[in-house]
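# Structure at a glance
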Amino acid sequence: MSTVEAPPAPAARNRPPRHRRGRGENRGNAAAGSDAPHNLDASLAMRPTSVAPGSTPTAAPASNSNRGNRGRRGGPGRGGRRGGAQPMVNGTRAFGGQLTSTASPPPASENGSLAADAPVFVPGQPVASRARAPQAPRQRRMSKSQAPDIATRTHEDIANRQYECVICTNEVLPNSKIWTCKDCWSVLHLSCVKKWSKNEVSTIQQRASENGELPPPRQWRCPGCNLPKQELPDTYKCWCEKEIEPRSVAGLPPHSCGQTCSKPRAGHCPHPCELVCHAGPCPPCSHMGPTLSCFCGKEESTRRCQDTNYDGGWTCGQICGDILPCGEHACQRPCHEGLCGSCEVLIDSRCFCGKEQKPVPCFEREDEQESQLDGDIWMGSFDCGAECRRPYDCGIPDHFCESTCHTQDPKPPHCPFSPDVVTHCPCGKTPLSTLLEEPRVNCSAPIPRCQEKCQKTLPCGHLCQDVCHQGACSACRQIVEILCLCGRTSSSTVCHQGQEEPPSCMRICRANLNCGRHECGEHCCPGEKKASERQAAKRKNRAANAASRDENIEAEHICLKVCGRPLKCGTHFCAELCHKGPCSSCLEAVFDEISCACGRTVLQPPQPCGTRPPECRFPCTRQRTCGHPTQNHPCHQDDQPCPPCTVQVDKPCVCGKKTMKYQPCWFTEVKCGLPCGKKLKCGIHFCQKLCHRVGQCEDSATPCTQACGRKKTVCEHTCTDPCHTPYPCKETTPCQAKTFVTCSCQHQKQAVRCLASKTSEGNSTKVLECNDECLRLQRNAKLAAALNIDPATHLDDHIPYSQETLDLFKASPKWCQQQEREFRVFAADEKERRLRFKPMQASQRAFIHALAEDFGLDSESQDPEPHRHVSIFKTPRFVSAPMKTLSQCIKIRAAPVAAVSESSSSAKALVANADPYNAYLLTEPRFGLTIDELHADLNPEFTAAGFYNFEISFLPSGDIVVKPLPAHYISHQKLDADLSNIKLNISKKVSSLNLAKDTNLCAIDSNLNVLRREDEGASGSGGWSQVAKGAGRKVAPVMKDVGVKSSFTVLGTKSAKKVKKEVSSEETVEDWEREVEGWADQ
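Keep in mind it's a predicted model, so treat the numbers as computed, not measured.

Here is what the cut-offs are and how they apply
Residues numbered from 1 in each chain as written. Predicted model: local features only at pLDDT ≥ 70, side-chain atom pairs only at ≥ 80, totals over all residues. Heavy atoms only, no water. Helix = DSSP H or I, 4+ residues; strand = E, 2+ residues; numbered from the N terminus. Contact = heavy atoms within 4.5 Å. Patch = residues over 30% accessible without salt bridge, like charges linked within 9 Å, V, L, I, M, F, W, Y side chains within 5 Å. Areas by Shrake-Rupley, 256 points an atom, 1.4 Å probe, with all protein chains shown as cover. Salt bridge = Lys/Arg side-chain N within 4 Å of Asp/Glu carboxyl O. Pairing = 2+ DSSP bridges. Axes fitted to C-alpha atoms, helices over the stretch in contact; angles between N-to-C directions. Buried < 20%, exposed > 50% of the residue type's maximum accessible area, 1.4 Å probe, protein only. Polar contact = N/O pair within 3.5 Å; in protein donor to acceptor, adjacent residues only side chain to side chain. Core = buried A, V, L, I, M, F, W, Y, C linked by side-chain atoms within 4.5 Å. Expected span 1.5 Å × (residues − 1). Arc of directions from axis to C-beta. Parallel < 35°, antiparallel > 145°, perpendicular 65-115°, else oblique. Nonpolar A, V, L, I, M, F, W, Y, C, P; charged D, E, K, R; others polar. pLDDT = per-residue confidence, 0-100. Left-handed = near helix turned anticlockwise from the far one by under 90°.

### Observations regarding the side chain of Asp978
Tracing the sequence through the fold places Asp978 in helix H13 (residues 972-981). Apart from residues no more than four positions distant in its own chain, Asp978 is found in contact with Phe947 and Ile970.

Below you can see the structure in the form of structure tokens.
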């Protein structure tokens, strides 16, 4: 028989650590951070129910626990173990947990690491394996408790760490703060159930506000039983709720205070629970109940408390025999609960007037009264309801008793019209003696009337205003103020009219009916005021967060329309009165078989209306229209399509130019991605839409909208208006194309709009005036010619930076260039006085300090590590930024002008790590060349190579960068190879149209900085290659706007200092190194 080891007895009471799922402590080894084992009560030790408590356990070796892997999806969690079978003992799950142990870990040599006893390694000989110590069998994990009652199962699972919170799925530990449901007895973490209740309350209130309804009171549902709860959980209590924040006590169940439970049991049991504070419901009472008599009181019985029916009592089965309320008969029912009821014995009885005689139940008979008529004497006991019609003593046939059945006397009643009875007129104000000369002789004589008003009180409360009359008074005709049905309007009318039918006003009632879908809409609704009061009370209860009560809808606001909404079956409609909430299920039934599409799965009748066809487990038998084999998929209905055919075939594109390979068979819109290229209806332009069907060109629905593109007659630019063929270009609006104007010496260059039209020449003939800088350059040229100096080879070898700055720059050129740019932007801004850099390393801060010293700025390091940063300040010793960049100075220092070969090798070293070529560089472009012209000329070559879009940009040096924009991602090496393949065609086109002097491949960054160019070794080349060689290039700077000078102006002569500084704001160029490149030799 299998045995299971129990955990060792605890040596001391230690509080177990709190474990959590996911990232945290004790991952993979529960005993890594603690030497003491967890302390558990001996009665709650983890063992299967099949093992006796008295069995002797064997020592368990130490093993790594899987406790830390319960938070992972792949690890063994609840629901079973992965990678192995669950240990079983006698057919039930056995203990499979891994407990901590004091055994020492295995030596390092057992794990294959370095050890002194390792065998000697001999080259060429196989490595001898070391003997491994036998590993102890893995200890099995404790399974869930199999106790028969909820309390014991809960205690054992919590103590054995097998109880999971249904909200977070983490274990409920003995030291966790908990909350328990009084309906399903689920145990949850207090923090989890707090969040759960708050989130559910807010969700219900939000849904109610979205539906326009009043929010319900603060209710939430237990996640274990889904039953509503009124009280929100707030404190941690013991099981019996006598102690708040209970402490763990050795020998007691988890979360128990140790006191007697004393909770009242279910029903009317008078004995409280006698167990120690426990989880779950209290067990049934085992005491004897009190002595109870039967319902009739004839017998007594004493039973166990749990078998005693406190609510219903018990019956002995004998005849009751109690006297009934009539006082004459006894109850013949068996011993019963409650009163005996009315007497149902039938008794022959006669009515009071003597006209009817029949058997009457005893409880319907009234008190017997004696009646006499014509010598007949009887005891009447009920009223037959017939009219008496007994003649009065006057003997006149028309005078008789008109009352209903009553007791009869031997003598006939006196006539109410006799002269001795009637002594006044009908109104009772005037005696008959004053109205008649002779008194009335008999009862048939007429009764005279006086001429006074009746003055009798009418039902409305007014007095009758008619003259003395016989019979009932007429309706009240007094004028009074009467309210309408809704009580909002009053009107003057005759009193009896208000009694018969109140007046109606034209006010329309807007109250919602009980269905919530319709409103009343009636004129002068009598229930409008009640509805207003009901809504006000409802809002008041909602504001006070009171419990909702059943709404008593007034009768006027009960919707009598038929609901008529479609039921879930989709065939019938709801026939009930209009109501709130969802309609009930369809009550119709289907008496036909309901089968799946293939007919192999059938539901037999009858079935509820709306029953869907059953899910079929057989494969679908439909054949594809394409002819390819069908994929294996389950049977489905006709309204659900089969999975698309994924067989790869060759299909022509929709435009018919290419046949695309490896296309899915189900794909109908195959496109090659090439532009259409067909000539449009205008006869000038071609369709630029990508692959499309025939007849869907750009002008299929609307006229051509492409730019005209024809050359204007007033300037060299093309027309940018939408296509207006066959009409000529209007040329009445100023041309908005970009052009350049220069001074007479070609030193200044400025980009302006053309603005030429039929009425104005625009800026085509505009010429800039030469400034002092132009005069200075002319003087320098004359002086160079007089001294026989070549300006192209003459260099200024002055370096305004320290050797430390240059050495730090060489270590990280790219990063240092970014910081230098920040310095120059800060130096050019007259308003900025302080610049703060981001936190950086010590070597980087050293470069900032050295560069600030070269610029004439003060620098200071602030804040401790790792937030230490550098701040620079402008002081009176700061004048301006150095004219040469650090890159230029590196070239000057590394390669003097005389050593051209060494300069070339240094330049190659600086650009060795540059990116591959990604653009074309057009040097010395034609004067007045525009982007639109260049785009129109180069578009065919780029389109033929697969580049449908390309970007054209002017550099500050005057060169042009043409960068292709691939339609999809390609690698840098592939782009370099494609540009090299089409360079010959681009160069021929540029040379034939005289667009630029030369075309070279180059590599640029996102800021249009030329990082590498193809002709970087040739003489006279510009850009970064020129800077790398250490030689400056004399290029006129491009001025952005008229009247605005560059941010990096060289103050070369005294005349330049006299230029007025009337600039409101200075622009910072993006490529500042190229901006100052042309001024390096001055």
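Now that the structure is up, let's keep going.
### What to know about a nonpolar patch on the surface
On the surface, Ile558, Leu560 and Leu577 cluster together into a nonpolar patch covering about 300 Å² of accessible area. Residue position: Leu577 is located in the loop between helix H5 (528-543) and strand S15 (589-590).

### Brief notes about the sheet that holds strand S23 (residues 834-836)
Strand order in the open sheet formed by 3 strands is S23-S25-S24, with antiparallel pairing between adjacent strands. What marks the edges here is a single partner per strand, and that holds for S23 and strand S24 (858-862). Strand-to-strand twist of the sheet, defined as the mean angle between neighbouring strand axes without regard to direction, takes the value 20 degrees. In this structure, S24 lies alongside strand S25 (residues 869-873), joined through 5 bridges in antiparallel fashion. The residue of S25 that forms the bridge with Ser859 is Ile872.

### What about the side chain of Gln408?
Checked against the element boundaries, Gln408 lands in the loop between strand S12 (376-382) and helix H3 (432-435). Relative accessible area serves as the criterion here: at 4%, Gln408 is assigned to the buried category. In this structure the side chain of Gln408 is engaged in a polar contact, spanning 3.0 Å, whose partner is the side chain of Arg390. Those residues in contact with Gln408 that lie beyond four places of it in its chain are Phe352, Cys353, Glu370, Ser371, Gln372, Trp378, Cys388 and Arg390.

### As for the environment of Leu835
Mapped onto the elements of the fold, Leu835 is located in strand S23. Through-space distance from the C-alpha of Leu835 to that of Glu822 is 8.9 Å; in sequence the pair is 13 residues apart.

### Concerning the pattern of salt bridges
For the structure on display, the rule yields 23 salt bridges. Salt-bridge contacts for Arg365 lead to Glu368; the nearest nitrogen and oxygen are separated by 2.5 Å. Two residues, Arg510 and Glu519, come together in a salt bridge whose shortest N-O distance is 2.7 Å. On the accessibility criterion, Arg510 (54% relative accessible area) is exposed. Taken together, the shared-partner salt bridges in this structure form one network comprising Glu853, Asp858 and Arg877.

### Looking at the nonpolar core
Nonpolar side chains tend toward joint burial in soluble globular proteins. Residues Tyr801, Phe823, Phe847, Ile848, Leu857 and Ile872 are the most contacted members of the largest nonpolar core, which totals 26 residues. Looking at this core, the elements that each hand over two or more residues are helix H7 (803-811), helix H8 (813-828), helix H9 (842-855), S25 and helix H10 (886-894). Each residue touching Phe847, except ones within four places of it in the same chain, is listed here: Thr805, Leu808, Phe809, Trp815, Cys816, Gln819 and Leu886.

### Description of the pairing of S25
Among the 5 residues in S25, 4 count as buried, and that is most of the element. As paired strands, S23 and S25 are joined by 3 bridges and run antiparallel to one another. Following the sheet pairing, Arg836 is matched in S25 by Ser871. Hairpin connection of S24 to S25: 6 residues between the antiparallel strands, including Asp863 at a positive phi of 70 degrees.

### Structural notes on the pairing of strand S13 (residues 479-483)
Only one face of S13 is covered, namely the one carrying Val480 and Ile482; the face carrying Ile479, Glu481 and Leu483 has none of its residues buried. Taking the residues between adjacent antiparallel strands as the criterion, S13 and strand S14 (residues 490-494) are bridged by 6 residues, where Gly487 takes a positive phi near 80 degrees.

### Structural notes on helix H6 (residues 772-786)
Taking 1.5 Å per residue, 15 residues should reach 21 Å; H6 reaches 21 Å between its end C-alpha atoms and fits that length. Of all the residues in H6, the buried ones are Glu773, Cys774, Arg776, Leu777 and Ala784. All buried residues of H6 lie within an arc of 160 degrees about the axis, which places them on one face of the element. For H6, exposure combined with an orientation more than 90 degrees from the buried face picks out Lys782, Ala785 and Ala786. Downstream of H6 by a residue or two, Asn788 has a phi angle that is positive, lying close to 60 degrees.

### Concerning the packing of H7 against H8
One can describe the packing of H7 onto H8 by two numbers: an axis separation of 6 Å at closest approach and a directional angle of 125 degrees. In terms of axis orientation, H7 runs oblique to H8. Taking contact as the criterion, the partners of Leu808, Phe809, Lys810 and Ala811 in H7 are, on H8, Pro813, Cys816 and Gln817. Here the residues of the contact of H7 with H8 are counted per class, giving 5 nonpolar, 1 polar and 1 charged.

### Quick word on the confidence of the model for the protein
Summing up the model confidence of the protein, the mean pLDDT is 77 and the portion of residues at 70 or higher is 76%. Between residues 1-113, whose pLDDT stays under 50, and residues either more than four places distant or in other chains, the model counts 175 contacts. Residue range residues 1019-1070 is modelled with pLDDT below 50. Its contacts to residues more than four positions away, or to other chains, number 111 contacts.

### Description of the packing of H8 against H9
Two quantities define a packed helix pair, namely the angle between the axes and the distance from one axis to the other. Following both chains from N to C, one finds H8 and H9 inclined at 40 degrees, their axes separated by 11 Å at the closest point. Regarding the angle of H8 to H9, the classification is oblique. Seen along the crossing, H8 lies across H9 with a hand that is right-handed. In this structure, H8 uses Trp815, Cys816, Gln819, Glu820, Phe823 and Arg824 to contact H9, whose residues at the interface are Gln844, Phe847, Ile848, Leu851, Ala852 and Phe855. Here the contact of H8 with H9 is composed, by residue class, of 8 nonpolar, 2 polar and 2 charged.

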